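One letter stands for each residue in the lines below.
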Amino acid sequence: MNNFPKWLNTAVFYQVYPQSFCDGNGDGIGDLNGLVSELDYISNTGFNAIWLNPCFDSPFKDAGYDVKNYFKVAPRYGTNDDLVRLFKEAHNRGMHVILDLVPGHTSDKCRWFKQSAKPTRNRYSDRYIWTNSGWARPEGYNWVTGNADRNGTYMLNFFLNQPALNYGFNVVTDPDWQISYRDKRVKPTLEAMKKVMRFWLDKGADGFRVDMADSLVKNDPDKTATAWLWRKVRAMLDRHYPEAVLVSEWCNAPVAINKARFHCDFLLNHGNKLTDYAFYKRDKEGKSTAYFCKTAHVSAKNMLSVYLRELNQTRNNGYISVISGNHDVERLSYFLDDSERRVAFAFLLTLPGVPFVYYGDEIGMRYIPQQSKEGGFHRTGSRTPMQWDDALPNMGFSTAKANKLYLDVDRTPDAPSAAGQMRDKSSLWNEVHTLLELRRTQTDLQSDGELEVTECGENGVLCYRRGQHTYVAINPTDEERKLSDVVGSKRLFEIGRATDGDGFALLAPQTVVVFEK
Ligand code: NOJ
Ligand code: CA
């Protein structure tokens, strides 16, 4: 790929939720110094890149996705200098760090918004989307009224306290208040966001995961205007920061990668995509019909259909990022048991593109339903503190009293911990570690290596070639299955058991073999 940061070909990301990863100063909430102290853990596990969830100054009504000041680290996480130290310490270990950019909205406590809400015209008046009457509530969007002296209502992009930044409209239906995305009055919004990016790239950030990247221009049904904006951002990177990466939360790889020119796009569980069929699907009675559920016995066909199409359409332009989970969904362990997760991880980590693993998924942390925190609602259960070891009071996460923690740790007696899993040769952590080491050394398995499905039976068996001559055969079911090829003796990785017959192989229940041919 031309004009492409080379490091992405071997990148495997670890997603760190800063408030829940490691508390360096004992105040009960994770912070940047705590994260620095655990970089060796991340690196030793086999990850070479980090996506850090928002760490900027914020009232935390949406856990930091409501940014008050894009240029300042939230005091609860540390200082700008601490973040620079994180970049340096990561780079010293050959790792990259991308930040979370929230370009679609700010907090209503952001200075830009406070200025914009003033009745007298000023340079921020058009920075957000306002109607021209305090009573107006045009259909199709959410509006806030009665919260400012300005005679208008303002549009929300997500929660109540997240007003939409104004990048204009593609199709203008009410010129009295809607501004075209090409109008010079909305240009400063993108310029401001580019300035934010340059600020952190100049300090050592390696790029950004971009929140709701498709949401910028309103009434933009085919996203052409939004894509046009992102191409400008990409042009800035290509020219001045060629090693910096942009990963979009768009969930439509052909548009995000080919049109908006993101380097990677997340494949999330929107619209019957891969993770939906792989982990989450249920029938009407609530029984799992997910591919990796061992009793579901379903073909991989549905799981792969959209994925393969999008993979083909974006080949040579960028990568699709598969995830083990993230801060917005229930943890993988909520859907799949330990043995199922092992098969699923072998699949996730042998796909092309750039994989992302959510902190704690590598040790099988649990989803813990509980009261909402900072706008988390059902997501809060996936945001609990990392379980480092068995130490009291908080499994190594913090030395604070338990009642001072951001969220409580999993206190079930058999809650997994990083230290425990690292000691146990047969643990999930050890499997993930082995797979990451394999991916590092086996060029075929890296982001660029192509994927061709060689078998996808109704019996659930899946086999695919990666790159030149590396194959992955999977039987996710709880029954023995026949693969219509041999796996041979050049086995690079094996869980379960594969036995060759004459022109076929028998795969024991829940088997994955990576082999060369
Ligand atoms: C997507 C983020 O992942 C989520 O956590 C957040 O609440 C929304 N975007 C709004 O920014
Ligand atoms: Ca702290």
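Our structure's up above, just so we're on the same page.
In short, a report on the structure. (Residues numbered from 1 in each chain as written. Chains lettered and ligands numbered in written order. Predicted model: local features only at pLDDT ≥ 70, side-chain atom pairs only at ≥ 80, totals over all residues. Heavy atoms only, no water.)

1. Points about the site of ligand 1
Working step 1: All residues in the neighbourhood of ligand 1 are listed as Asp62, Tyr65, His105, Phe158, Arg209, Asp211, Met212, Glu249, His327, Asp328, Arg379 and Arg383.
Working step 2: Histidine 327 is positioned with one of its side-chain polar atoms (N or O) 2.8 Å from an oxygen atom of ligand 1.
Working step 3: Protein contact buries 97% of the 300 Å² of open area that ligand 1 shows by itself.
Working step 4: For the shell around ligand 1, the class distribution of residues is three nonpolar, two polar and seven charged. (Near = heavy atom within 4 Å. Polar contact = N/O pair within 3.5 Å; in protein donor to acceptor, adjacent residues only side chain to side chain. Areas by Shrake-Rupley, 256 points an atom, 1.4 Å probe, with all protein chains shown as cover. Nonpolar A, V, L, I, M, F, W, Y, C, P; charged D, E, K, R; others polar.)

2. As for the coordination of the calcium ion (ligand 2)
Working step 1: For the calcium ion (ligand 2), the full set of protein donor atoms is Asp23 (OD), Asn25 (OD1), Asp27 (OD), Ile29 (O) and Asp31 (OD), and the range of their distances to it is 2.2 to 2.3 Å.
Working step 2: Counting residues between consecutive donors of the calcium ion (ligand 2) along the chain gives the motif D-x1-N-x1-D-x1-I-x1-D.
Working step 3: The exposed category is assigned to asparagine 25, whose relative accessible area is 53%. (Donors = N, O, S within 2.8 Å, 3.2 Å for Na, K, Ca; no water. Buried < 20%, exposed > 50% of the residue type's maximum accessible area, 1.4 Å probe, protein only.)

3. Examining the environment of proline 416
Working step 1: Note that proline 416 resides in the loop between β12 (356-358) and α12 (418-423).
Working step 2: A relative accessible area of 14% means that proline 416 is categorised as buried.
Working step 3: Residues in contact with proline 416, not counting those within four places in the same chain, are Ile363, Gly364, Met365, Arg366, Gln387, Met395 and Gln421. (Helix = DSSP H or I, 4+ residues; strand = E, 2+ residues; numbered from the N terminus. Contact = heavy atoms within 4.5 Å.)

4. Comments concerning the sheet that holds strand β18 (residues 498-500)
Working step 1: The three strands are arranged β16-β19-β18 in an open sheet whose pairing can be described as antiparallel. Looking along the sheet, the strands with just one partner apiece sit at the ends: β16 (481-483) and β18. Neighbour-to-neighbour, the strand axes of the sheet open up by a mean angle of 25°, direction not taken into account.
Working step 2: In this sheet, strand β19 (residues 505-507) lies alongside β16 in antiparallel orientation, the contact comprising three bridges. Paired with leucine 483 across the bridge in β19 is alanine 505. (Pairing = 2+ DSSP bridges. Axes fitted to C-alpha atoms, helices over the stretch in contact; angles between N-to-C directions.)

5. A look at the side chain of aspartate 211
Working step 1: Turning to its location among the elements, aspartate 211 is positioned in the loop between β8 (207-210) and α6 (224-240).
Working step 2: If near-sequence neighbours (up to four positions away) are discounted, aspartate 211 is found in contact with Tyr65, Asp100, Leu101, Val102, Pro103, His105 and Glu249.

In short, shape yes, function no, at least from these values alone.
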